[in-house]
Amino acid sequence: MDKLTPPPVIAIDGPSASGKGTVAQRVAHALGFHYLDSGALYRLVALKVLQAGYNLHDETQLADAARNLNVVFQDSAISLEGRDVTDDIRTEQCGILASQLAAYPGIRAALTDRQRAFRQRPGLVADGRDMGSVIFPDAALKIFLTASAEIRAQRRYKQLMEKGINANIADLLQDIKNRDDRDRNRSIAPLQQHHDAQLLDTSSLTISQAENAVLSWYDEIRAKNRV
Ligand code: DC
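Just so you know, these numbers come straight off a predicted model, no measurement behind them.

Conventions we followed
- Residues numbered from 1 in each chain as written.
- Predicted model: local features only at pLDDT ≥ 70, side-chain atom pairs only at ≥ 80, totals over all residues.
- Heavy atoms only, no water.
- Axes fitted to C-alpha atoms, helices over the stretch in contact; angles between N-to-C directions.
- Helix = DSSP H or I, 4+ residues; strand = E, 2+ residues; numbered from the N terminus.
- Parallel < 35°, antiparallel > 145°, perpendicular 65-115°, else oblique.
- Left-handed = near helix turned anticlockwise from the far one by under 90°.
- Contact = heavy atoms within 4.5 Å.
- Nonpolar A, V, L, I, M, F, W, Y, C, P; charged D, E, K, R; others polar.
- Near = heavy atom within 4 Å.
- Polar contact = N/O pair within 3.5 Å; in protein donor to acceptor, adjacent residues only side chain to side chain.
- Areas by Shrake-Rupley, 256 points an atom, 1.4 Å probe, with all protein chains shown as cover.

A word on the packing of helix 1 (residues 20-31) against helix 9 (residues 207-225). Interhelical geometry of helix 1 versus helix 9 gives an angle of 50 degrees and a closest axis separation of 9 Å. By the angle class used here, helix 1 and helix 9 are oblique. Once helix 1 is placed against helix 9, the crossing between them reads as right-handed. Along the contact surface, helix 1 presents T22, V23, R26, V27, A30 and L31, while helix 9 presents I207, S208, A210, E211, V214, L215, Y218 and R222. When grouped by side-chain class, the residues that make up the contact of helix 1 with helix 9 number 9 nonpolar, 2 polar and 3 charged.

Structure follows, in structure tokens:
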């Protein structure tokens, strides 16, 4: 790869709790690539908004907060204004508010450059809702990774239980359906499978099977394009 060619990107988009984060991290690790969890950025904005008590209708103030977010990603730890918030941003409250704030064009625009800055050599695996459609439209491989809402609710339930966080599976399923609706029906960068994205339904796949599917698609692309 010559120095002028931008580093390759694998874009993995999909709905909430589909397992795309886990698969994306494993693919990044297997390839020695960087990893961008774009949802974490929206969750960080949500946490900042909750802490600062900003008015949810003041889009200018919210976009400024997103632009000026003082965040450090180090390995799998995330800090906001010097405080470790790795677990704080994973609550359902943060996820729901993140999904609401993500519908504001000003907030999405404020986070665009920050996301693109993750594109470093030797390459990047980025997961989110609009990685392949908006942030990295020239991604070498685009995947729409999904699973049924019921399976996603079960996976989220198991994850929360493992962290010692109490949850109710019926409430989780309802939250997932509400979040899907909001993410799919917003006017800007809605969640959808684009024509150039490969569908990967993980409802009956293990994490390793999903990881291997992505890696073998990427191998094919590399062989064809010599990426
Ligand atoms: O992937 P996640 O569940 O952590 O994301 C939290 C919310 O952030 C999600 O409901 C929608 C929003 N989001 C987005 O709009 N665009 C992205 N690229 C990533 C997340």
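Take the site of the ligand next. Within the structure, the ligand sits among 16 residues, and R43, R108, R129, D130 and R186 are positioned closest to it. Note that a nitrogen atom of the ligand is positioned 3.0 Å from one of the side-chain N or O atoms of S38. In the model, a nitrogen atom of the ligand is placed 2.9 Å from a nitrogen or oxygen of the D130 side chain. Contact with the protein chains covers 97% of the free accessible surface of the ligand, which is 450 Å². The greatest single-element share of the shell around the ligand, amounting to 4 residues, is contributed by helix 2 (residues 38-52). Its residues assigned to classes, the shell around the ligand shows 4 nonpolar, 4 polar and 8 charged.

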